[in-house]
Amino acid sequence: VKKLKYRKFIPVSFKEKTITVKGKVVKVNNSILERNWVHITDGTSHNNKYNLTFTTQEKVKVGDIVTFTGIVALDKDFGFGYVYPILVEEAVIVN
């Protein structure tokens, strides 16, 4: 796996760790590659990046406030220009 130069701020120690993040849904793309792609923002930013992408089977809509728990993947390359320096996969909503 090639290391993406703009991922420098994400420690390798995050790889395959389970994290929980609460935020507002700002973008949703459903049923792509058999999963829903949800972008949330929690009010923080780094290098002018304001949201974090999750893959999930959950159905949410833009504007929802959600708490997701999922597994961190780094340098995920799906081909066709879809590259994610950080992605949270298999996310589920927690209360």
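Parameters at a glance
Residues numbered from 1 in each chain as written. Predicted model: local features only at pLDDT ≥ 70, side-chain atom pairs only at ≥ 80, totals over all residues. Heavy atoms only, no water. Salt bridge = Lys/Arg side-chain N within 4 Å of Asp/Glu carboxyl O. Helix = DSSP H or I, 4+ residues; strand = E, 2+ residues; numbered from the N terminus. Pairing = 2+ DSSP bridges. Axes fitted to C-alpha atoms, helices over the stretch in contact; angles between N-to-C directions. pLDDT = per-residue confidence, 0-100. Contact = heavy atoms within 4.5 Å. Core = buried A, V, L, I, M, F, W, Y, C linked by side-chain atoms within 4.5 Å. Buried < 20%, exposed > 50% of the residue type's maximum accessible area, 1.4 Å probe, protein only.

On inspection of all chains with the given rule, the structure shows 3 salt bridges. Between E89 and R35 there is a salt bridge whose closest N-O contact spans 3.9 Å. With a gap of 54 residues between them, E89 in strand β5 (residues 83–93) and R35 in strand β2 (residues 35–41) connect regions that are remote in the sequence. With a shortest N-O distance of 3.4 Å, K76 and E89 are connected by a salt bridge. Separated by 13 residues along the polypeptide, K76 in strand β4 (residues 65–77) and E89 in strand β5 bring together distant segments of the chain.

This paragraph deals with the environment of S13. As for its position among the elements, S13 is in the segment before β1 (18–32). Through-space distance from the C-alpha of S13 to that of V72 is 9.9 Å; in sequence the pair is 59 residues apart.

All right, on to the sheet that holds β4 then. Reading around the barrel, the 5 strands line up as β1-β2-β3-β5-β4 and close back on themselves, with mixed pairing between neighbours. In this sheet, neighbouring strand axes are inclined to one another by 50 degrees on average, regardless of whether the strands run parallel or antiparallel. The sheet contact formed by strand β3 (residues 52–56) and β5 spans 2 bridges and is parallel. Counterpart to F54 in the pairing with β5 is V88.

On average, the protein chain scores 86 in pLDDT, and the residues at 70 or more come to 84%. Low pLDDT, under 50, characterises residues 1–7; the predicted model gives this stretch 14 contacts beyond four residues in sequence or across chains.

Here the focus is the nonpolar core. Ranked by internal contacts, the top residues of the largest apolar core, which has 15 residues, are I40, L52, F54 and F68. Breaking this core down by element, the ones donating at least two residues are β1, β2, β3, β4 and β5. Not counting residues up to four positions away in its chain, the partners in contact with I40 are V21, K22, G23, K24, V25, V26, Y50, N51, L52, F54, V66 and F68.

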